[in-house]
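# Summary of the model geometry
Residues per chain are reported as follows:
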Amino acid sequence: PAAILMAAIVAAIFGFISLRVSGLYFLMITFALGQLLYWIAWQWFDMTGGAFGLKGILFPNLSITGFSLNTFSFYYFVFLFFIVCYFLLHRIVNSPFGYALEGIREDELRMRALGYNTWLYKYIAFIIAGTFAGLGGVLFAHWNMLISPRNLGITTSVLGLFYCMIGGAGTLVGPIIGAGLVILVEFFASIYTPDRWPLILGVLFIATLAIFRGGIFPHLASLWDKVRLGYHIRADKSIEN
């Protein structure tokens, strides 16, 4: 809980800085702030272990008598958090707050004209995103049993961006598909051609954006809608006959 709270506080500070600009500049400043944390962690050896990171992180102690987490049970422990987080994000997206964010994404000037404080909405969304990212970082540290400065670097930020763009930005399912695809490809690439993994990731990213503009999930959803529509048309014709 302390780590999640700290992630929310850092997101509040960074959001106040980065949201002063928009578009590409917002993205660049966000990456730069993450890289700043990377160098702080690299230099602050007494606190972070420097380049060696913090080792020996064990599974969480749930303080339940006769029960302790292992590699098998920790998977379901994380999966439970995944279900809860997805439910919470779904509720946020489909709330008036989420609809306001969607309106800001589509036309921020019009939302301002309607009286919405668009900066405040984006700022709150930034803090929410940082809080969920903090939870993911906590679970990753326990699973990896190691946390190092590179987990704060630009590579980690770019991977998260790749997940969204490959799967479909602006959706909840899209980043899940993108993350699953990238991790699956990384797993097999690390077995057969570990030195060429960055090249394979780049090819995958370019090919996905070239074939599935907007991400994989929107195309799958569109294909599913066409299949359902075709099924209903055939069913209606069958009833008429």
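Before reading on, note that the structure itself is shown above.
Anyway, here's the lowdown on the structure attached to this text. The model shown is predicted, which means the values in this text are computed figures rather than measured ones.

## Focus on the nonpolar core
- In terms of nonpolar packing, the biggest core is built from nine residues, these being Phe 162, Ile 166, Val 182, Ala 189, Trp 197, Leu 201, Leu 204, Phe 205 and Ile 216.
- Every element with two or more residues in this core is listed here: helix H8 (154-167), helix H9 (173-192) and helix H10 (197-211).
- Ala 189 has contacts with Pro 194, Trp 197 and Ile 200, leaving out every residue within four places of it along the chain.

## Structural notes on the environment of Gly 153
- With respect to the helices, strands and loops of the structure, Gly 153 is situated in the loop between strand S2 (146-147) and H8.
- The spatial distance from the C-alpha of Gly 153 to the C-alpha of Val 138 is 16 Å, given a sequence separation of 15 residues.

## Quick look at the environment of Trp 119
- Take Trp 119: it is sitting in helix H7 (residues 118-144).
- Considered as a pair, Trp 119 and Trp 44 are 75 residues apart in the sequence and their alpha carbons are 34 Å apart.
- Residues contacting Trp 119, with those up to four places away along its chain left out, are Phe 16, Leu 19 and Arg 20.

## Let's talk about the pattern of salt bridges
- In total, this model carries five salt bridges according to the counting rule given.
- Salt-bridge contacts for Arg 105 lead to Glu 106; the nearest nitrogen and oxygen are separated by 3.1 Å.
- When its relative accessible area of 57% is taken as the criterion, Glu 106 is described as exposed.
- Look at the salt bridges and you will find they share partners, linking Glu 102, Arg 105 and Glu 106 into a network.

## Quick notes on the packing of H8 against H9
- The contact between H8 and H9 brings their axes to 7 Å, and the two run at 115 degrees. Between H8 and H9, the angle falls in the class roughly perpendicular. In terms of crossing hand, the pair formed by H8 and H9 is right-handed. Between H8 and H9, the residues in contact are Leu 159, Tyr 163, Cys 164, Ile 166 and Gly 167 and Gly 174, Pro 175, Gly 178, Ala 179, Leu 181, Val 182 and Ile 183, respectively.
- A breakdown of the residues in the contact of H8 with H9 according to their chemical character gives nine nonpolar, three polar and no charged.

Conventions and cut-offs
Residues numbered from 1 in each chain as written. Predicted model: local features only at pLDDT ≥ 70, side-chain atom pairs only at ≥ 80, totals over all residues. Heavy atoms only, no water. Core = buried A, V, L, I, M, F, W, Y, C linked by side-chain atoms within 4.5 Å. Buried < 20%, exposed > 50% of the residue type's maximum accessible area, 1.4 Å probe, protein only. Helix = DSSP H or I, 4+ residues; strand = E, 2+ residues; numbered from the N terminus. Contact = heavy atoms within 4.5 Å. Salt bridge = Lys/Arg side-chain N within 4 Å of Asp/Glu carboxyl O. Axes fitted to C-alpha atoms, helices over the stretch in contact; angles between N-to-C directions. Parallel < 35°, antiparallel > 145°, perpendicular 65-115°, else oblique. Left-handed = near helix turned anticlockwise from the far one by under 90°. Nonpolar A, V, L, I, M, F, W, Y, C, P; charged D, E, K, R; others polar.

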